[in-house]
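Take a look at the letters that make up each chain.
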Amino acid sequence: MNKTDLVDLLAAENHSTKKDAEHFLNSFISAVVSTVARGEKITLVGFGTFETSERQARTGRNPKTGEPLVIPAKRVARFKVGKEFSEAVNKKRK
């Protein structure tokens, strides 16, 4: 499923227009990105948690030359799946 498919699904399930559904989805994505970029955590009970974590600097190797190089530290976005979401995905199909 891509963004267009998701917009169609949201519009159908909420009896709204595709334009309204797309506006809502864009607002949701923007809110999540800006909040997590500020270093804050978003927890949606049953769905999951969006947050950042710090990656330490480390030494790697250039795969072409084998030469060692330093990979700098950076912040990365993380999503931890909630319990209900995880259970729904792992439910046995009949």
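Relevant structure appears above.
Q: Whenever I open this one, the packing of aromatic side chains confuses me. Can you help?
A: The description of two aromatic rings rests on the distance between their centres and on the angle between their planes. Applying the stated rule across the entire model yields four aromatic pairs. Both rings, one in F47 and one in F50, keep their centres 6.5 Å apart while their planes meet at 40°; by these two values the pair is tilted. Classification of F47 by relative accessible area gives partly exposed; the value is 36%. What links up through ring pairs into an aromatic cluster is the set F47, F50, F79 and F85.

Q: Looking at this model, I keep getting lost on the environment of R58. Mind explaining?
A: Looking at where R58 falls in the secondary structure, it is placed in strand 3 (residues 58-61). Residue R58 is classed as partly exposed on the basis of its relative accessible area, which comes to 40%. Sequence separation between R58 and E84 is 26 residues, and the spatial gap between their C-alpha atoms is 35 Å.

Q: Where do I start with the sheet that holds strand 5 (residues 74-81) in this structure?
A: Adjacent strands of a sheet pair through backbone hydrogen bonds, lying either parallel or antiparallel. Read across the open sheet, the three strands follow the order 1-2-5; overall the sheet is antiparallel. Both edges of this open sheet fall to strand 1 (42-44) and strand 5, since each of them pairs with a single strand only. Strand after strand, the sheet turns through a mean of 30° between neighbouring axes, direction not considered. The sheet contact formed by strand 2 (residues 48-55) and strand 5 spans eight bridges and is antiparallel. The partner of R55 across the bridge, within strand 5, is K74.

Conventions and cut-offs
- Residues numbered from 1 in each chain as written.
- Predicted model: local features only at pLDDT ≥ 70, side-chain atom pairs only at ≥ 80, totals over all residues.
- Heavy atoms only, no water.
- Phe/Tyr/Trp six-rings, centres within 6.5 Å; stacked < 30°, edge-to-face > 60°.
- Buried < 20%, exposed > 50% of the residue type's maximum accessible area, 1.4 Å probe, protein only.
- Helix = DSSP H or I, 4+ residues; strand = E, 2+ residues; numbered from the N terminus.
- Pairing = 2+ DSSP bridges.
- Axes fitted to C-alpha atoms, helices over the stretch in contact; angles between N-to-C directions.

Everything listed here is a matter of coordinates, which is why it stays silent on function.
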